[in-house]
Every structure is written in structure tokens, then in C-alpha cells.
Amino acid sequence: VQEEKIFAGKVLRLHVCTMEGAEWLEEVPEDTTVEKLKERCLKHCAPGSLEDPKTVTHHKLIHATSEKVLTDTKTVLEENIQDRDVLLLIKKRAPPPLPKMADVSAEEKRKQEQKAPDKDAILKATANLPSRSVDRTVAHHNMRDFQTELRKILVSLIEVAQKLLALNPDAVELFKKANAMLDEDEEDRVDEIALRQLTEMGFPESRAVKALRLNHMSVTQAMEWLIEHADDPTVDAPLPGQAPAEATAEAGASSAEATAGPSSEEGGEEAKDELTEIFKKIRRKREFRPDPRAVIALMEMGFDEKEVVDALRVNNNQQNAACEWLLGDRKPSPEDLDKGIDTNSPLFQAILENPVVQLGLTNPKTLLAFEDMLENPLNSTQWMNDPETGPVMLQISRIFQTLNRT
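Throughout, a residue's number is its position along its own chain's written sequence, starting from 1. Residues qualify for local features only when their pLDDT is at least 70, as the model is predicted, and side-chain atom pairs are given and counted only at 80 or more; totals for whole chains, interfaces and linings, by contrast, use all residues. By convention in this description, side-chain values take in all heavy atoms of the structure and omit both hydrogens and water.

Peer 1: Explain the overall build of the protein chain to me, and be specific about the residues and the numbers.
Peer 2: Counting from the N terminus, the helices are DSSP H or I runs at least four residues long and the strands are E runs at least two residues long. Per the secondary structure count, the protein chain includes 20 helices and five strands. Burial status follows relative accessibility: with a 1.4 Å probe on protein chains alone, a residue under 20% of its type maximum counts as buried, one over 50% as exposed, and anything between as partly exposed. Within the protein chain, buried positions represent 32% of all 406 residues. Contacts are assigned to residue pairs that have any heavy atoms within 4.5 Å of one another. For the protein chain, contacts bridging at least 24 residues in sequence account for 58% of all contacts bridging at least 6. The accessible surface values rely on the Shrake-Rupley method and a 1.4 Å probe; as for residues, cover is taken only from the protein chains in view. On the protein chain, roughly 26,700 Å² of surface is accessible, and the fraction owed to carbon and sulfur atoms is 52%.

See the structure below:
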């Protein structure tokens, strides 16, 4: 037995692949260098290529699992290659040729031509232009002006839309359908399954409803609230900003009677009256609903319930902003929210003369969108993205921005 065979290291069977799709097994001792292994691989896949001494250095072996490039001077054992590992033989990419001096000069010249001007160059080029204030606070103020004016515009557009829609012979039926859609999306609706779970535990239904509304319909949190306030004398008091259930039921019954619809014998006046009642009912459903938790938190600071509700309405139910409003100058006032824009102003006339707006005002959905945005400004994005109401809102915004610049 030869001595080198007795002391030879462990033989590994390695699976070698090339980018061209060739595959084979190489059996090598674990003390074989990566360079020798590359030579054996090149002899197998590219016979005669070793005549060029640069062939070996122009190729590299990669361990497929770890994606590591193997070092030529290290052994298979040192590179921690195991039996049946997969190696990839790849030809190294040729380094990019060095650019010629002429090309370098042309590239530098192009960069200089495309280089942005510095501050001195800008000042020199704009020295003869009239100065304008670009204060960011002014831009922010203009944005707030738009929000304030938009509300006034919506108030006045609602009046125009109601008059136009009243002339539509199908308006009553259209708004009955819209009213039904609002009924399906009523925010005061209580989760019946959650309510049943609480009442089966022995809690009174009225308390369970209140607890669920306070805790965003979470049964667990509502149950904890009920247990915590079991001995509270005001536990059965209605939530701030909400009428008792009996009053709500009566209001629902009266509104249902108001929207029951005229008989076929009644004339146009009755239809107009019915449409007016539907408008009122829609407005009642879109009325502002203060966040009960925010109301309680602000009232605990010592503020009166009415002024708390006003603060939340002015500040879109944002508790922190409402607190600042209560502690500050209280501008704008709740009364300001119901004021419309001057109907003789150039801005309102330009809006009414826009064909897209004119067409939109004959669509009941536009009126519903205006009503919703008045009391829930955070829903504006939803209506801006709506294919029917979005174009109308876009035109109003563009007209305002155009006239505001002049």
C-alpha cells in the first residue's frame, strides 16, 4: 500500500455545475486546494483550455448554498466544503476598459453643463425679478383659508343643489333610495351579537348599549366598564351629545311618517314637502356626533358639555385640538361653520358657471357628499376619490386656487 494513500485525507464527492448546464461529480481529497479543483473541473468541461495559463485565474468556484466565492489558495477542508455539496464554476467577468482621456473630458464637460446653479448664480439670474414672499406660514395659512372657504362653499352649494333637485320629477324616489343607504350605514347601530352576549350575562340592555358604544363594540372592554360602573348613579344617563333611546325612537317614527310618501292623488306641492322632509332627515343623520370618550375626558377638566361638543365639532373630534380651542380664543366659532359664501362673489359665480359643477349639482349623490363633508371633513378623501363626486370637488379646488393667485 502506498504511503500517500494511507495518510490521504477524506475523499469528498462534489457536484459541479456550469452556467452552460453541464453537470458532473468530482471526487477529491479534502486537502486539495481550490485552484487544483478548478483545474480538474476545467479539464472536464473545457479540454485544452489549460494551455492558456490565465484560464484558471479567469474562472471562480462558488459554493451554491452559502453563495461564497472560494479562495484559490485554501483547501477544500479550509473552505468547510462537505460531502455532496454543490459548486458552481463561473467565468469571471472581464473588467471594464479604462475610459479614454477624450471620453473623460467629454463626460466632465457634460456634467458641468448639467450641474445645478449655485446660490450666487441664482441670485444673479433673478436680480431683476420682483420679490415675493415665500414664507411657509403664509402657505399654511392659505391651506387653512381653503378649508374655511370650502365649508362656506359647500353650505351655499347645498342650497343650490336642493333647489335644482326639487325640480327633478324623480327626486323623491332618488332620495328615498339614498336615505335607505344611510339607514344601512348608520353609525349608531349596535352589534346585536355583542349586545346579546352582555344581556345574557344579566346586564340591562340600555347599559349594555351604552357600554358598547363607549368601548367601540368590544364585548370584553364593555363588560369591564359595566362592572366598574355598576354602583355609579349616572350609569344609566344617556351619553353626551346623544338623545335617549325613547327620543330616538320617536324621532325615527316621526321621520318615517314624514317620508312615507304622498298618495297618487296629491299634487306637486306635497311632493316638494316630502322632499323637504327627506332633506331634513338626511341632515339629521349627517349631524355631528361627538366622540363620547373625548366628551367625558374634556368635561372632567371642568368644561360644560355644550362647549365641549362645540369644540369637538369645530375641531373634527380631535380631543387635543378641541382642548386648545377651549383654552384659546375659540375661533372659528360654531356659528361660523353654518355660514355660506357670498353668492355674488366672483369665486362662487365661477364655481356655478363651471359645466362639471353644474352637472354634478343635479346628482343626488353630490348633495349627500356635500352634507357628509360638512359634518365629517375627514371623509373628504373618500368623496374626492369617488368617480361621481371627485370631478366636482376637483373643479372647486382648481377654481379656488386659480382665483386665489390673482
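Next, the rest of the story.
Peer 1: Describe in detail helix α16 (residues 346–353), supporting the description with residues and values.
Peer 2: Residues of α16 that are buried: Leu347, Phe348 and Ile351. Seen from one end, α16 has its buried residues packed into an arc of 95°, which puts them on one side. Seen from the open side of α16, the exposed residues pointing more than 90 degrees away from its buried face are Pro346 and Glu353. The directions from the helix axis to the C-beta atoms form the arc being described.

Peer 1: How would you explain the sheet that holds strand β2 (residues 23–29) if you had to name every residue and give the values?
Peer 2: With respect to topology, five strands assemble into an open sheet ordered β2-β1-β5-β3-β4, the strand pairing being mixed. Of all the strands in the sheet, the pair left with one neighbour each is β2 and β4 (68–69). Here strand β3 (residues 59–63) pairs with strand β5 (residues 86–91) via five bridges, running antiparallel. Paired with Ile62 across the two strands is Leu88, which belongs to β5. Two strands pair under a simple rule: DSSP has to find at least two bridges between them.

Peer 1: Which residues make up the pairing of β3, and what are the values?
Peer 2: The element β3 is extensively covered by neighbouring structure, given that four of its five residues are classed as buried. Two strands pair when backbone bridges link them, and β3 and β4 are joined in this way by two bridges, in the antiparallel orientation. From the neighbouring strand, Ile62 faces β4, where its bridge partner is Val69.

Peer 1: Lay out unusual backbone geometry in plain terms, naming residues and giving numbers.
Peer 2: Most peptide bonds take the trans configuration, and most residues that are not glycine carry a negative phi. The residue Asn80 is not glycine, and still its phi comes out positive at about 60°. Note on placement: Asn80 falls in the loop between β4 and β5. On the basis of relative accessibility, which here comes to 54%, the residue Asn80 falls in the exposed class. For Arg330, which is not glycine, the phi torsion reads 60° and is therefore positive. Judged by relative accessible area, which is 30%, Arg330 ranks as partly exposed.

Peer 1: Tell me what's going on with the pattern of salt bridges, and back it up with residues and numbers.
Peer 2: Counted as salt bridges are all cases of a side-chain nitrogen of Lys or Arg within 4 Å of a carboxyl oxygen of Asp or Glu. This structure, assessed with the given rule, holds nine salt bridges. Glu26 serves as the salt-bridge partner of Arg40, at 3.4 Å between the closest nitrogen and oxygen. Here the residue Arg40 occupies a position in helix α2 (residues 34–45), and Glu26 occupies one in strand β2, the gap between them amounting to 14 residues. Here Arg40 falls in the partly exposed class, since its relative accessible area comes to 35%. As a salt-bridge pair, Asp236 and Arg207 come within 2.8 Å of each other at their nearest N and O atoms. Of this pair, Asp236 sits in the loop between α10 (219–228) and α11 (245–258) while Arg207 sits in helix α9 (residues 205–214), and the two are 29 residues apart along the sequence. Through salt bridges with shared partners, a single network forms among Lys365, Asp386 and Glu388.

Peer 1: Describe in detail the packing of helix α8 (residues 192–200) against α9, supporting the description with residues and values.
Peer 2: What describes two packed helices is the angle between their axes and the distance between those same axes. Only the contacting stretch of a helix is used when fitting its axis, a line to C-alpha atoms as for every element, and angles between N-to-C directions run 0 to 180 degrees. Across the interface, α8 lies against α9 with an axial gap of 9 Å and an inter-helix angle of 130°. Taken together, the axis directions place α8 and α9 in an arrangement best described as oblique. In this structure, α8 crosses over α9, and the sense of that crossing is right-handed. In this structure, α8 uses Ala194, Leu195, Leu198 and Thr199 to contact α9, whose residues at the interface are Glu205, Ala208, Val209 and Leu212. Polarity classes work like this: nonpolar for Ala, Val, Leu, Ile, Met, Phe, Trp, Tyr, Cys and Pro, charged for Asp, Glu, Lys and Arg, and polar for all others, with Gly in that last group. Its residues placed into classes, the contact of α8 with α9 shows six nonpolar, one polar and one charged. The scheme is simple: roughly parallel for angles under 35 degrees, roughly antiparallel for over 145, roughly perpendicular for 65 to 115, oblique for anything else. Left-handed is the label given to a crossing in which the near helix is rotated counterclockwise from the far helix by less than a right angle, and right-handed is the label when the rotation is clockwise.

Peer 1: Help me get a handle on the state of the cysteines, residues and values and all.
Peer 2: Here, a disulfide means two cysteine sulfur atoms that sit within 2.5 Å of each other. Scanning the model with the defined rule gives zero disulfides in all. Residue Cys41 stays outside any disulfide, its sulfur separated by 7.0 Å from that of Cys45, the closest cysteine. According to the relative accessible area criterion, Cys41 is buried, its value standing at 0%.

Peer 1: Give me the confidence of the model for the protein chain: which residues, what numbers.
Peer 2: Confidence of the predictor at the level of single residues is captured by pLDDT, which takes values from 0 to 100. Averaged over every residue, the pLDDT of the protein chain is 76; the share at 70 or more is 74%. Per-element averaging of pLDDT across the protein chain places α11 at the bottom with 44 and helix α17 (residues 355–360) at the top with 92. Ignoring residues within four places in sequence, the model shows residues 134–144, a span with pLDDT below 50, making two contacts including any to other chains. For residues 245–267, every residue scores under 50 in pLDDT, and the model assigns this stretch 16 contacts once sequence neighbours within four places are set aside.

Peer 1: Could you give me a rundown of helix α15 (residues 319–327), with the residues and numbers involved?
Peer 2: Think of an α-helix as turning once every 3.6 residues; residues three or four places apart then point the same way. Taken together, the buried positions of α15 are Ala322, Cys323, Trp325 and Leu326. On an axial view of α15, the arc spanned by its buried residues comes to 160°, and they lie on one face. Opposite the buried face of α15, at more than 90 degrees from it, the exposed residues are Asn320, Glu324 and Leu327. Along its buried surface, α15 packs onto α13 (292–299) and α14 (305–314).

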